[in-house]
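What follows is each chain in one-letter form.
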Amino acid sequence: MEELSVNTGSRTGFTDITAKVRAVVRDSGVEQGVCLIHVPHTTAAVTINENADPAVQEDILKELNKVIPFQDGYAHMEGNSAAHVKSSIVGCSCSIPIDGGDLALGTWQGVFFCEFDGPRSRKVWVTCR
Ligand code: ZN
């Protein structure tokens, strides 16, 4: 398993980690298999979506922030329940096929670290088998 570092710059935001994950896959030597990307945090997530137009990420964040408001009478005393809810909805792991020693992503797909309670220093664990 390899550990990537992601420093997020705002309270919520998407960071394109495709190149970093791709480098781990290439260095792993796995030709055919699966790349598992896991975010070991409860207020962050990982997702795959369009990386051609940054407006797509803006729209996803805007809608998540609309559906899950920062304040909504939450019981959790830490004050970051919205981030926990977003983390569970988006998910803390995803897997991508490895083909020919490279990530098998669609033409418009990228891998995004999703920050919901930043800014923070975060980790991403990448396993290739
Ligand atoms: Zn919390």
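Quick summary incoming for the structure in this document. (Residues numbered from 1 in each chain as written. Predicted model: local features only at pLDDT ≥ 70, side-chain atom pairs only at ≥ 80, totals over all residues. Heavy atoms only, no water.)

Now for the coordination of the zinc ion. Within the protein, the atoms that donate to the zinc ion are His76 (NE2), Glu78 (OE), Asn80 (OD1) and His84 (NE2), at distances of 2.0 to 2.2 Å. Taken together, the four donor atoms coordinating the zinc ion span angles of 92 to 149° at the metal, a pattern that classifies the geometry as irregular. Donor residues binding the zinc ion come from one chain and are separated in sequence as H-x1-E-x1-N-x3-H. A residue is classified by how much of its surface remains accessible, and histidine 76, at 34% relative accessible area, is partly exposed. (Donors = N, O, S within 2.8 Å, 3.2 Å for Na, K, Ca; no water. Tetrahedral: all angles 85-135°; square planar, octahedral: opposite > 155°, others 65-115°. Buried < 20%, exposed > 50% of the residue type's maximum accessible area, 1.4 Å probe, protein only.)

Right, let's talk about the environment of histidine 76 for a bit. One can find histidine 76 in the loop between α2 (54-67) and α3 (81-90). Sequence-distant contacts of histidine 76, defined by excluding residues within four places in its chain, comprise Ser81 and His84. (Helix = DSSP H or I, 4+ residues; strand = E, 2+ residues; numbered from the N terminus. Contact = heavy atoms within 4.5 Å.)

This brings us to the sheet that holds strand β3 (residues 32-38). If you trace the five strands from one edge of the open sheet to the other, you get β1-β8-β3-β5-β6, paired in antiparallel fashion. The open sheet has two edge strands with one neighbour each: β1 (2-7) and β6 (102-103). As defined by bridge partners, β3 adjoins strand β5 (residues 93-99) across seven bridges and the pair is classed as antiparallel. Residue glycine 33 lies in a different strand from β5, and its bridge partner there is isoleucine 98. (Pairing = 2+ DSSP bridges.)

A word on the nonpolar core. The biggest cluster of nonpolar side chains holds 22 residues, and the ones touching the most others in it are Val21, Cys35, Ile37, Val124, Val126 and Cys128. Of all the secondary-structure elements, those providing two or more residues to this core are β1, α1 (18-28), β3, β4 (44-50), β5, β7 (109-115) and β8 (121-128). Leave out the neighbours within four places in its chain, and valine 126 touches Met1, Glu2, Leu4, Val21, Val24, Cys35 and Leu36. Formed by ten residues, the second largest nonpolar core is a distinct cluster that contains Leu61, Ala82, Phe112 and Phe116. (Core = buried A, V, L, I, M, F, W, Y, C linked by side-chain atoms within 4.5 Å.)

So, on to the pattern of salt bridges. With the rule as written, the count across this model stands at five salt bridges. The salt bridge involving aspartate 102 is made with arginine 22; its shortest N-O contact spans 2.8 Å. Of this pair, aspartate 102 sits in strand β6 while arginine 22 is found in helix α1, placing the two residues 80 residues apart along the sequence. Given a relative accessible area of 19%, aspartate 102 falls into the buried group. Classification of arginine 22 by relative accessible area gives partly exposed; the value is 23%. Across the salt bridge formed by lysine 66 and glutamate 63, the nearest N and O atoms sit 3.2 Å from each other. Of the two residues, lysine 66 and glutamate 63 are both situated in helix α2; the distance of three residues between them amounts to about one turn of the helix. Look at the salt bridges and you will find they share partners, linking Arg22, Arg26 and Asp102 into a network. (Salt bridge = Lys/Arg side-chain N within 4 Å of Asp/Glu carboxyl O.)

Sheet architecture is open: three strands sit in the order β2-β7-β4, paired in antiparallel fashion. One side of each edge strand has no neighbouring strand; the edge strands of this open sheet are β2 (13-16) and β4. Across this sheet, the average inter-strand angle for adjacent strands is 35°, counted without regard to direction. Each of β4 and β7 touches α3; the most contacted strand, β4, lies at about 50° to it. (Axes fitted to C-alpha atoms, helices over the stretch in contact; angles between N-to-C directions.)

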